[in-house]
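Topology and contacts: notes
Residue-level listing of the chains:
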Amino acid sequence: MKTHEKGTTLVELIVSITLFLTVISIMVPTLFTTIRMQRNINGLVRMHNSLSYSMEYIAKEIRTGKKFQPQSPDKSFIRFTNYHNEDVTYQFDSVRHTLTRQIAGQNSFALVSSDVKLNDFQFWINNKNLANEEKQLSVVILANASPAEGLTDVSTQFQTTVTPLLRSDIIQ
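Residues numbered from 1 in each chain as written. Predicted model: local features only at pLDDT ≥ 70, side-chain atom pairs only at ≥ 80, totals over all residues. Heavy atoms only, no water.

Moving on: the pairing of strand β1 (residues 77-81). Across the five residues of β1, four count as buried, placing the element largely inside the fold. With five bridges joining them, β1 and strand β2 (residues 87-93) adopt antiparallel strand pairing. Residue pairing in the sheet places Phe77 in a bridge with Gln91 of β2. Counted between consecutive antiparallel strands, the loop separating β1 from β2 contains five residues, among which Asn85 sits at a positive phi close to 60 degrees. (Buried < 20%, exposed > 50% of the residue type's maximum accessible area, 1.4 Å probe, protein only. Helix = DSSP H or I, 4+ residues; strand = E, 2+ residues; numbered from the N terminus. Pairing = 2+ DSSP bridges.)

A full pass over the atoms with the stated rule returns four aromatic pairs. Arranged with centres 5.8 Å apart and planes meeting at 40 degrees, the rings of Tyr53 and Tyr57 form a pair that is tilted. A residue pair is termed a helical-turn pair when its members lie 3 or 4 positions apart in one helix, as Tyr53 and Tyr57 do in helix α1 (residues 10-63) at four residues. Of the residues examined, Tyr57 reaches a relative accessible area of 29% and is grouped as partly exposed. Three or more aromatic residues link up through ring pairs in this structure, and these residues are Phe68, Phe80 and Tyr90. (Phe/Tyr/Trp six-rings, centres within 6.5 Å; stacked < 30°, edge-to-face > 60°.)

This brings us to α1. For α1, with 54 residues, the first-to-last C-alpha span of 78 Å sits near the 80 Å given by 1.5 Å per residue. When α1 is considered as a whole, its buried residues turn out to be Asn40, Gly43, Met47, Ser50, Leu51, Ser54, Met55, Ile58, Ala59, Glu61 and Ile62. (Expected span 1.5 Å × (residues − 1).)

Pairing is antiparallel across the open sheet formed by four strands, whose spatial order is β1-β2-β3-β4. Two strands lie at the open edges of the sheet, namely β1 and β4 (109-110), each paired on one side alone. Contacting β1, β2 and β3 (98-103), α1 crosses the sheet at an angle of about 145 degrees to β2. (Contact = heavy atoms within 4.5 Å. Axes fitted to C-alpha atoms, helices over the stretch in contact; angles between N-to-C directions.)

Once that is clear, we can look at the nonpolar core. The biggest cluster of nonpolar side chains holds 22 residues, and the ones touching the most others in it are Ile58, Ile78, Tyr90 and Phe121. Those elements that provide at least two residues to this core are α1, β1, β2, β5 (116-129) and β7 (156-162). Element by element, the count of residues in this core is highest for α1, at six residues. Excluding residues within four positions of it along the chain, Tyr90 makes contact with Tyr57, Ile58, Glu61, Ser76, Phe77, Ile78, Phe80, Thr100, Arg101, Leu111 and Phe123. (Core = buried A, V, L, I, M, F, W, Y, C linked by side-chain atoms within 4.5 Å.)

A few words on the environment of Phe92. By secondary structure assignment, the location of Phe92 is in strand β2. Residues Phe92 and Leu118, spaced 26 residues apart in sequence, show a C-alpha to C-alpha distance of 8.3 Å. Those residues in contact with Phe92 that sit more than four places away from it in its chain are Ser76, His97, Thr98, Leu99, Leu118, Asn119, Asp120 and Phe121.

And the structure:
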């Protein structure tokens, strides 16, 4: 008398393991690609947030500033007196690829995050004498940055124009 035992044969087991490994070998590269893309996106978001904060910080201080000094030939810094009557300098450091803020010759500190590499940062000062003898000043801020090392080499550009409140002592 023969009995029929239920179970899987060795051939069925080998076929199922082969199918499983084939599916996994297709999915693993997709998973790694997704993780790499997520890392790049997070780096770009951090870069964008850091530059947005820095530019808004500078723009706020320029809006309430006065006594803007003549601009440097390379347009890498801007110097003026802020609303606390402190001499402020914003300067692009091309060696460290960062933007610094310095008050009255004291120690400077970086305004952008360390995971952002600034490729260029410029301040363009346009001043005009209006018909009523008031002076108008516009500061155009241009930034070009890349995310930190190890991420996809993508750069972004920011630009904003800031016009300080009109006062007779706006330009030195």
